[in-house]
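Structural overview
Spelled out, the chains give:
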Amino acid sequence: MTTLTKKTAPILILSAGALWGTLGIFVRTLSAFKLTSIQIAALRITVGAVILLAGTALLDREKLKIRLRDMGWFIGTGLCGILLFTVCYFQTISLASLSVAAILLYTAPIMVMLMSLVLFREKITKRKFLALLTAFSGCILVTGIGGNGRISLTAVGFGLASAFGYGLYSILGSFALRRYPPIAVTTYSFLCAGIGSLIISDPGDICRKIQTSPKPGNALICILLLAILTAALPYLFYTIGLSSVRASSASIMASVEPVVATIAGCLVFGEALTASSLAGIALVIAAVVILNMPGKEP
């Protein structure tokens, strides 16, 4: 891994988290077209897969060459990583508040750290533990402490499953990157996830809803932006970052997502930016600084 990549990897991971933070804008917009959360997830994944495949085939098709026996890695990163995370996260949003969904999702770095300990024998250093604790505390403050009302066990189950899927992409992606370049890992992961998403989303109903909407052109533009800005680009950035940053550290850096989501909600939807949110933003930024301090990689 080149020195340049090692220097830019944290920037790419942070950029991925920032782009994921815009997801709520597109979900709210597409929900107005009567699309279900699973259908929006399927559009995000499938269109993202087409964009990645077409772009790679045009620019460097040699990187799409893989061994058939290695497809298991991409089925894992696609179905157990991307698809599981997306569907379960969107389901959590439908069952609980956005704040609860975000808090449950950001148990992912804890899962990644534990899986990395078992699979990669990564030590849980003091710096890494401090960054994890700081980032998770920041996420709680940014999203609000628990929201209002009781949380159902179903919502908790879906939320933890989304975190597991999020973390599993980091772990399985790290293994796949030992044999294949980031663009191949990202593209084949999305292809597998896209096929899976079409099975559960009723594509015919999606087409009918878009065609019969008052402004189908606006829906198509929103879907394209959703796929590019919250799927293809951030997953590619994150996967490139994983090639030189440990999975446990990468998952903590990506915690900037709820920070960006909070700021986007304030700017786009006029949501209030509270003192708690500002304190949480400061903690998440502090966690990223802790992870990138000079010295041995945590």
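Residues numbered from 1 in each chain as written. Predicted model: local features only at pLDDT ≥ 70, side-chain atom pairs only at ≥ 80, totals over all residues. Heavy atoms only, no water.

Right, let's talk about the overall build of the protein for a bit. Summing up its helical and strand segments, the protein has 14 helices and zero strands in all. Of the regular secondary structure in the protein, the N- to C-terminal order runs α-α-α-α-α-α-α-α-α-α-α-α-α-α. In terms of overall dimensions, the protein is globule-like: its C-alpha atoms have a radius of gyration of 18 Å, near the 19 Å expected for 298 residues. For the C-alpha atoms alone, the extent of the protein along its principal axes is close to 55 × 50 × 35 Å. Taken over 298 residues, the protein has a buried fraction of 50%. Considering only contacts in the protein between residues 6 or more positions apart, those separated by 24 or more positions represent 88%. Accessible surface, the protein as shown: approximately 13700 Å² in total, 70% of it carbon and sulfur. (Helix = DSSP H or I, 4+ residues; strand = E, 2+ residues; numbered from the N terminus. Rg over C-alpha atoms; globule rule 2.2 N^0.38 Å. Buried < 20%, exposed > 50% of the residue type's maximum accessible area, 1.4 Å probe, protein only. Contact = heavy atoms within 4.5 Å. Areas by Shrake-Rupley, 256 points an atom, 1.4 Å probe, with all protein chains shown as cover.)

Looking now at the nonpolar core. One finds Leu30, Tyr166, Phe190 and Tyr238 to be the most contacted residues of the largest nonpolar core, which totals 72 residues. Top contributing element to this core by residue count: helix 11 (residues 216-242), with ten residues. Sequence-distant contacts of Phe190, that is, excluding residues within four places in its chain, are made with Ile45, Gly48, Ala49, Leu52, Ile82, Ala231, Ala232 and Tyr235. Counting six residues, the second largest nonpolar core, distinct from the first, contains Val256, Val259, Ile281 and Val284. (Core = buried A, V, L, I, M, F, W, Y, C linked by side-chain atoms within 4.5 Å.)

Looking now at the packing of aromatic side chains. Tallied over the entire structure, the rule returns twelve aromatic pairs. On the numbers, 5.5 Å between centres and 55° between planes, the contact of Trp20 with Tyr238 is tilted. Placement of the pair is Trp20 in helix 1 (residues 3-20) and Tyr238 in helix 11, with a sequence separation of 218 residues. Residues Trp20 and Tyr238 agree in their burial class; the two are buried. On the numbers, 6.4 Å between centres and 45° between planes, the contact of Tyr89 with Phe90 is tilted. (Phe/Tyr/Trp six-rings, centres within 6.5 Å; stacked < 30°, edge-to-face > 60°.)

There is a patch of nonpolar side chains on the surface, built from Ile110, Leu114, Leu117, Val118, Leu119, Ile124, Phe129 and Leu133 and spanning about 730 Å² of accessible area. Of all the elements in the fold, those that place two or more residues in the nonpolar patch are helix 6 (108-119) and helix 7 (126-143). When residues of the nonpolar patch are assigned to their parent elements, the largest contribution, five residues, is made by helix 6. Counting through the fold element by element, Phe129 comes out in helix 7. The class for Phe129 is partly exposed, based on a relative accessible area of 48%. (Patch = residues over 30% accessible without salt bridge, like charges linked within 9 Å, V, L, I, M, F, W, Y side chains within 5 Å. Salt bridge = Lys/Arg side-chain N within 4 Å of Asp/Glu carboxyl O.)

Here helix 14 (residues 275-291) contains 17 residues, and its C-alpha end-to-end distance of 25 Å stays within 8% of the 24 Å for a straight helix at 1.5 Å per residue. Along helix 14, the residues classified as buried are Ser277, Gly280, Ile281, Val284, Ala287, Val288, Ile290 and Leu291. (Expected span 1.5 Å × (residues − 1).)

Here we take up helix 10 (residues 203-211). Within helix 10, burial applies to Asp205, Ile206, Lys209 and Ile210. Seen end-on, helix 10 carries its buried residues on one side only, within an arc spanning 130°. Contact partners of the buried residues in helix 10: helix 3 (37-60), helix 9 (182-201) and helix 11. (Arc of directions from axis to C-beta.)

Quick look at the packing of helix 4 (residues 71-95) against helix 9 now. One way to put it is that helix 4 packs onto helix 9 with a least axis distance of 7 Å and a crossing angle of 55°. Put simply, helix 4 runs oblique to helix 9. Seen from above, helix 4 lies across helix 9 with right-handed handedness. Only Ala184, Val185, Tyr188, Ser189, Phe190, Cys192, Ala193, Gly196, Ser197 and Ile200 of helix 9 make contact with helix 4, whose side of the interface consists of Met71, Phe74, Ile75, Thr77, Gly78, Leu79, Ile82, Leu83 and Val87. Residue composition of the contact of helix 4 with helix 9, by class: 14 nonpolar, five polar and no charged. (Axes fitted to C-alpha atoms, helices over the stretch in contact; angles between N-to-C directions. Parallel < 35°, antiparallel > 145°, perpendicular 65-115°, else oblique. Left-handed = near helix turned anticlockwise from the far one by under 90°. Nonpolar A, V, L, I, M, F, W, Y, C, P; charged D, E, K, R; others polar.)

Note that Ser170 resides in helix 8 (residues 153-176). In this view, Ser170 contacts Val112, Tyr238, Leu242 and Ala247; residues no more than four positions away in its chain are not counted.

Moving on, we get to the packing of helix 2 (residues 23-31) against helix 11. At a minimum axis distance of 10 Å, the contact between helix 2 and helix 11 shows a crossing angle of 155°. By the criterion of interaxial angle, the relationship of helix 2 to helix 11 is roughly antiparallel. Crossing geometry of helix 2 relative to helix 11 is assigned as left-handed. Counted together, Leu23, Phe26, Thr29 and Leu30 of helix 2 and Ala219, Cys222, Ile223, Leu225, Leu226, Leu229 and Thr230 of helix 11 form the full contact between these two elements.

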